[in-house]
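The primary structure of each chain is shown beneath.
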Amino acid sequence: MGLVGVQENGNREMGLSGVSLGSKNKYRRMDSELTEEDDAAQSHHHQLSNSTRKYVFACAVFASLNSVLLGYDVGVMSGAIIFIQEDLKITKVQEEVLVGSLSIVSLLGSLAGGRTSDVIGRKWTMGLAAVVFQAGAAVMTLAPSFQILMVGRLLAGVGIGFGVMIAPVYIAEISPTVARGSLTSFPEIFINLGILLGYVSNYAFSSFPVHTNWRIMLAVGILPSVFIAFALFVIPESPRWLVMQNRVEEARSVLLKTNENQIEVEERLAEIQEAAGKYEEKAVWRELLKPSPSLRRMLVTGFGIQCFQQITGIDATVYYSPEIFKGAGIEGNSNLLAATVAVGVSKTVFILVAIFLVDKLGRKPLLYISTIGMTVCLFSLAFTFTFLGTGNVGIALAVLSVCGNVAFFSVGIGPVCWVLTSEIFPLRLRAQAAALGAVGNRVCSGLVAMSFLSVADAITVGGTFFIFSVISALSVAFVYMFVPETKGKSLEQIELLFKNEHEWQKAEVELGDVEHLVQKE
C-alpha cells in the first residue's frame, strides 16, 4: 500500500501538494465533495474510547518517568551545589565541571542508546537508563570527595543520555497520530516536574547540617526507580520496533490496544512495514553520514532545533538561578532557593499549556511564540543586570524575566524540540538519528553549563544574557527557514514533506490560503 495520502485513520483527503491535510485540520477545500455524513464518519474515526485513551496515556506516562530523573538532577544540583561547595571546598571551576559534565557525558549514553534500542528494544533501553542513573545517584550520595562525586556524576550522565533520547522515540512510535504531539511532549513535562521537585527538595532540606543536606537532596532522586521497574511490566514494546524484528503479530496486537478499528490497524501496519523496508540496502550510520538530500534536510531540522534549544541558555538559567538571583540582589540561601521554586512552578505550569496546544495550534506556531518570547525575556534580563542594578525594581524585573524565559521555553521549544526529532526521521533511522540530535542537545547544554560562570565573570552577567538574546533571535529565523509543520500527519507521511525542499511551504499554504480553503462550520 502506498504511503501517499493514506491517513492513520484511513481518510484519504489530499492537500494541494499531495500530502494529506491531516485528521485534525479544520479546513476543507471549496471543491470538496464530502457530505455532512462523511464528516461525521471522519470524526468518529478520530474518537478513541476511554479505555484506549487511558492505555495510551499510561504508556506515555510510564515511558516518561526517566525524564523525572533528568529534571530532578538539574533542579536539585542548582541548590545542592551551594552546600557541596561549602562542604567539600570546591573551586568555581570545579563547580562548573560538576554541573556541566553530566550533559557532556550524557552524549555517550545518547550515542549508544540509538543502537541499543534497535537491538534490545525501546522498552528495555528505558530500563537500562534507569539502572545506570540510579547507580550514579547512589555513588554521588555517598561521595566523600570531589573525585568520587564526579564518578557518580559521570554514571548518572550516561543513564540520562539513554533516557533522554529513547522516551520521545518510544512515545511517538506507539501514539495514534491524532494525539502524538501532546503525548510526545510528556517527557518534557516530566523533566519540568523533576526540576520543580528538585527545587522543592533544596528548600526542604536546606536547614539540615551542611555535611548531610546535599546528600539527602541527591539521594531522593533514587526513588523514581521503583516506579520505573513497575512500568517495564506494564508498557508494551514499540510496534514499529517489533515490525523491524519481523514480529508482525505482536506489533498488530500492540496497535489494536491503541486503535480499536481493525481496518485502520491493518493500514497502519502496512505503512510501517513499507517504511521499515525502505533502507535495507544501507547500514544506518552510513546512511546518516552520507545522507540523501531529503535526509540531509531532516538532519538539519532535527539537529538544529536540538542545539538551539540549549544554546539560548535555558540550562544556565535553571542550573544557576540561585547565582543569578544573588547577583540581582536577593540575599540568604533560603530566599534564593525560594525564588528558584517560583522558576520551577513557572516552567511546570506552562509545559501543561503546551500539551493542550501542540496538536491544536501546531508545532511551528508554538515555536514562534516561544522563541520570540524568550528573546524578549533574555534581553530584559540583560538590560536589568546592565542598567538597573540590585534595587527592588531590579530584583522584581530579574525574577519576572527568568520566570518569563522558562515559561516561554516550556510552552514551545522545550517540548516541541523533542516532538519534532521523534517524528521527522524514517523508521529505520529514527532511533539513531534521534540519538544524534540528543547528542547535539547534551553537548550544547554541557558547554553552556560549564562556561556560564566563567563567561559571566569575563563579560558580566548582563553581557552573557545579551548574547543569549541574540542567539534566541537567530532561532526564530531558523524555525521559519527549516522547520515544517507536522501536526496531523502520520510518521510515514511526515517523511514525504522532506522529499522536496519546498514541500512543507506548499503544505502550509494549503492550510492558510483562503482563496482555496474555507473554514468548516
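Worth saying up front: this structure is predicted, and the values here are computed from it rather than measured.

**Student:** It is not clear to me how the overall build of the protein chain should be interpreted in this structure. Could you clarify?
**Tutor:** For the protein chain, the count of helices and strands is 24 helices and two strands. Burial statistics for the protein chain: of 521 residues in total, 60% are counted as buried. Sequence separation of 24 or more characterises 81% of the internal contacts of the protein chain that already satisfy a separation of 6 or more. Looking at the protein chain as shown, the accessible area adds up to about 19,600 Å², and 67% of this sits on carbon and sulfur atoms.

**Student:** Just checking my understanding: could you explain the confidence of the model for the protein chain for this structure?
**Tutor:** Detailed reading of the predicted model is not advised wherever pLDDT is low. In the predicted model, the protein chain carries a mean pLDDT of 78, and 83% of its residues have values of at least 70. Low pLDDT, under 50, characterises residues 1-46; the predicted model gives this stretch 112 contacts beyond four residues in sequence or across chains. Contacts for the low-pLDDT stretch residues 509-521, under 50 throughout, to residues beyond four places or in other chains number 32 contacts.

**Student:** I tried to follow the packing of aromatic side chains on my own but got confused; where do I start?
**Tutor:** How two aromatic rings sit relative to each other is set out by the distance from centre to centre and by the angle between their planes. Tallying each qualifying case throughout the model produces 10 aromatic pairs. For the pair Phe383 and Phe387, a centre-to-centre distance of 5.0 Å together with 45° between the ring planes defines the contact as tilted. Taken together, the residues Phe383 and Phe387, both in helix H19 (residues 363-388) and four residues apart, mark about one turn of the helix. The partly exposed category is assigned to Phe383, whose relative accessible area is 34%. Look at Phe387 and you get exposed, because its relative accessible area is 56%. The structure contains a cluster of three or more aromatic residues connected by ring pairs, namely Tyr320, Phe452, Phe465 and Phe468.

**Student:** What is the right way to read the environment of Ile174 from this model?
**Tutor:** For Ile174, the position within the fold is in helix H6 (residues 146-174). Distance in space between the C-alpha atoms of Ile174 and Ala60 is 8.6 Å, their sequence separation being 114 residues. Ignoring any residue separated from it by four or fewer positions in sequence, one finds Ile174 in contact with Cys59, Pro236, Pro239, Arg240, Val254 and Thr258.

**Student:** It is not clear to me how empty space enclosed by the protein should be interpreted in this structure. Could you clarify?
**Tutor:** Gaps left between atoms show up when a probe the size of a water molecule is rolled over them. Scanning the model with the defined rule gives eight cavities of 30 Å³ or more in all. Elements with a contribution of two residues or more to the lining of the largest cavity: helix H3 (65-88), helix H8 (186-205), helix H15 (293-311), helix H16 (314-319) and helix H22 (427-482). Its residues assigned to classes, the lining of the largest cavity comprises nine nonpolar, three polar and four charged.

**Student:** What is the right way to look at H3 in this model?
**Tutor:** The α-helix winds at 3.6 residues per turn, so residues separated by three or four positions along the chain end up facing the same way. At Ala80, H3 shows its largest bend, some 40°. With 21 of 24 residues buried, H3 is to be regarded as a mostly interior element. Phi turns positive one or two residues past the end of H3, at Lys89, with a value near 55°.

**Student:** I keep staring at the side chain of Glu237 and nothing clicks. Help me out?
**Tutor:** With respect to the helices and strands, Glu237 occurs in the loop between helix H10 (224-231) and helix H11 (239-244). Within the local environment of Glu237, its side chain forms a polar contact with the backbone nitrogen of Lys123, the two atoms lying 3.4 Å apart. In this view, Glu237 contacts Ile120, Gly121, Arg122, Lys123, Tyr170, Leu242 and Val254; residues no more than four positions away in its chain are not counted.

**Student:** Just to check I follow, could you spell out the nonpolar core for this structure?
**Tutor:** Note that soluble globular proteins tend to have their nonpolar side chains buried in a common cluster. Counting residues in each nonpolar core, the largest one holds 124 residues, and the members touching the most others are Ile84, Leu98 and Leu149. Element by element, the count of residues in this core is highest for H22, at 15 residues. Not counting the four nearest positions on each side in its chain, Leu149 is found in contact with Ile84, Leu88, Leu98, Met140, Ala143, Trp214 and Leu218.

**Student:** Got a minute to help me understand the pattern of salt bridges in this structure?
**Tutor:** When their charged atoms lie close together, side chains carrying opposite charge are able to pair. Throughout the structure, instances matching the rule amount to seven salt bridges. Measuring nitrogen to oxygen at the nearest pair gives 3.9 Å for the salt bridge that ties Lys92 to Asp457. Of the two residues, Lys92 is situated in helix H4 (residues 92-120) and Asp457 in helix H22; the sequence distance between them amounts to 365 residues. Between Arg252 and Glu266 there is a salt bridge, and its shortest N-O distance comes to 2.7 Å. Of this pair, Arg252 sits in helix H12 (residues 248-258) while Glu266 sits in helix H13 (residues 262-276); the two residues are 14 residues apart in sequence, bridging distant segments of the chain. Overlapping salt bridges bring together Asp118, Arg122 and Glu173 as one network.

What counts and how
Numbering of residues begins from 1 in every chain and follows the order in which that chain's sequence is written. Where totals are concerned, whole chains, interfaces and linings use all residues; where local detail is concerned, this predicted model gives features only for residues with pLDDT of at least 70, and gives and counts side-chain atom pairs only at 80 or more. Heavy atoms throughout the structure, all of them, feed into the side-chain values; hydrogens and water do not. Put simply, DSSP H or I for four residues or longer makes a helix, DSSP E for two residues or longer makes a strand, and each gets a number counted from the N terminus. Any residue under 20% of the maximum accessible area for its type is buried, any over 50% is exposed, and the rest in between are partly exposed; the area is computed with a 1.4 Å probe on protein chains only. Should any heavy atoms of two residues lie within 4.5 Å, those residues are considered in contact. Here, Shrake-Rupley sampling with a 1.4 Å probe gives the accessible areas, and only protein chains in the shown set may cover a residue. Each residue carries a pLDDT score, the predictor's confidence in it, ranging from 0 to 100. Ring pairs shown here join Phe, Tyr and Trp side chains whose ring centres sit within 6.5 Å, with only the six-membered ring taken for Trp; geometry is labelled stacked below 30 degrees between planes, edge-to-face above 60, and tilted in between. Residues are called lining when one of their atoms sits within 4 Å of a cavity or pocket point, these points coming from a 1 Å grid over the protein atoms alone, where a cavity is a set in which a 1.4 Å probe fits but cannot get out and a pocket is an open set with protein on both sides within 12 Å along at least five of seven lines. Grid points are joined across faces, edges and corners, and a volume is the space filled by probe spheres set on the points. When residue character is reported, Ala, Val, Leu, Ile, Met, Phe, Trp, Tyr, Cys and Pro are called nonpolar, Asp, Glu, Lys and Arg charged, and the others, Gly included, polar. To get the bend at any residue, fit one axis to the seven residues that end at it and another to the seven that begin at it, then take the angle between the two axes. Distance and chemistry together define a polar contact, namely a pair of N or O atoms within 3.5 Å, with one atom able to donate a hydrogen and the other to accept it when in protein, and with adjacent residues in sequence counting only for side-chain atoms on both sides. We define a nonpolar core as any set of buried Ala, Val, Leu, Ile, Met, Phe, Trp, Tyr and Cys residues linked to one another through side-chain atoms lying within 4.5 Å. Here, a salt bridge means any Lys or Arg side-chain nitrogen found within 4 Å of an Asp or Glu carboxyl oxygen.

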